[in-house]
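Chain residues, written in single-letter form:
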Amino acid sequence: MLPQISKCDCVATNGSCDRVATKDASCPFERRSLLEELAAKGVRLTAQRRAVVETIQDAGEHLDASALLTQARIREPNIDRATVYRTIDLLKRLRLIDELDLMHLKGEKHFYEVKTRRDHVHLACFQCGRIEEFSSIAFEKLKSELATQTGFEVRVTRLEVGGRCRACSTKMEELPKH
Ligand SMILES: [Zn+2]
Ligand SMILES: [Zn+2]
């Protein structure tokens, strides 16, 4: 009998990756531990802030501030909006999370997620609203080429692609033509 391998459970691959990813150092989507990183930097957290940090860490999707607030309140009922924004600011300043627009599919909201080992690209489907994540070494090469040629010190890169996902384009093709 083959040993049971627990498949990748990162947000990015939705279980379609055959790696034992969350523990596998070679997975580009591995997400760091925010609490460990903050402790290493000597940042002390109140119970409220810790609840926000844990909520971002455990999120199975990209969350906006109000979704974060709702979910963090399950852990710590007394959290207010200001604490959520201050914690987001802190994590952004320390470059532990990314802030995304996700093609403004949901208006002006911003979404947050723990940085992955390697930056990833977001694909937003205009039709069903699905967000897919894509990682490629070519993106890393582009960043280093850009840095070398311009002398620009790159701190944040964000690439979002809007269009139609595979499922939606397939559905469109199946529609009878009139
Ligand atoms: Zn779609
Ligand atoms: Zn993402």
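Here, every reference points to the structure presented above.
What you are looking at is a predicted structure, and each value in this text was computed from that prediction instead of being measured.

**Overview of the sheet that holds strand β3 (residues 111–114)**
Item 1. Ordered in space as β1-β3-β2, the three strands form an open sheet in which the pairing is antiparallel. Each edge of the sheet is formed by a strand with only one pairing partner; in this case those strands are β1 (63–64) and β2 (97–100).
Item 2. Where β2 and β3 come together, four bridges link them in antiparallel fashion. Counted as the bridge partner of I97 is V114 from β3.

**A few points about the sheet that holds strand β5 (residues 131–134)**
Item 1. Strand order in this open sheet of three strands is β5-β4-β6, and the pairing throughout is mixed. Of all the strands in the sheet, just β5 and β6 (160–163) have a single pairing partner and so form its edges. Looking at each pair of strands side by side, their axes are set apart by 25° on average, direction ignored.
Item 2. In terms of strand pairing, strand β4 (residues 121–125) meets β6 through four bridges, oriented parallel. Looking across to β6, one finds that A124 is bridged to G162.

**Describing the pairing of β5**
Item 1. In this sheet, β5 lies alongside β4 in antiparallel orientation, the contact comprising four bridges. Bridge pairing in β5 places H122 opposite E133.
Item 2. Linkage of β4 to β5, two consecutive antiparallel strands, is achieved through a turn of five residues, within which G129 is found at a positive phi near 80°.

**Looking at the packing of helix α2 (residues 47–58) against helix α3 (residues 65–75)**
Item 1. Orientation of α2 relative to α3, taken along the N-to-C sense of each, is 115°, at an axis distance of 9 Å. Seen from above, α2 lies across α3 with right-handed handedness. Counted together, A51, V52, E54, T55 and I56 of α2 and L68, Q71, A72 and R75 of α3 form the full contact between these two elements.
Item 2. Grouping the constituent residues of the contact of α2 with α3 by class yields five nonpolar, two polar and two charged.

**A word on the nonpolar core**
Item 1. By size, the foremost hydrophobic cluster in this structure holds 16 residues, and its most contacted members are L34, V52, I56, L68, A72, I97 and Y112.
Item 2. Taken together, the elements giving at least two residues each to this core come down to α2, α3, α4 (81–93) and β3.

**Focus on unusual backbone geometry**
Item 1. Even without being glycine, M103 reaches a positive phi, approximately 60°.
Item 2. In this fold, M103 is placed in the loop between β2 and β3.
Item 3. Accessibility expressed as a C-beta count within 10 Å gives 17 for M103, which makes it partly exposed.
Item 4. Even without being a glycine, H104 presents a positive backbone phi close to 55°.

**Quick notes on the packing of α2 against α4**
Item 1. Put simply, α2 and α4 touch, their axes get as near as 9 Å, and they point 65° apart. Crossing geometry of α2 relative to α4 is assigned as right-handed. Residues Q48, R49, V52 and V53 of α2 lie in contact with α4, whose contacting residues are T83, V84 and T87.
Item 2. In terms of residue class, the contact of α2 with α4 is made up of three nonpolar, three polar and one charged.

Rules behind the numbers
- Residues numbered from 1 in each chain as written.
- Chains lettered and ligands numbered in written order.
- Predicted model: local features only at pLDDT ≥ 70, side-chain atom pairs only at ≥ 80, totals over all residues.
- Pairing = 2+ DSSP bridges.
- Helix = DSSP H or I, 4+ residues; strand = E, 2+ residues; numbered from the N terminus.
- Axes fitted to C-alpha atoms, helices over the stretch in contact; angles between N-to-C directions.
- Left-handed = near helix turned anticlockwise from the far one by under 90°.
- Contact = placed C-beta atoms within 7 Å.
- Nonpolar A, V, L, I, M, F, W, Y, C, P; charged D, E, K, R; others polar.
- Core = buried A, V, L, I, M, F, W, Y, C linked by C-beta atoms within 7 Å.
- Buried ≥ 20, exposed ≤ 12 C-beta atoms within 10 Å, placed from the backbone.

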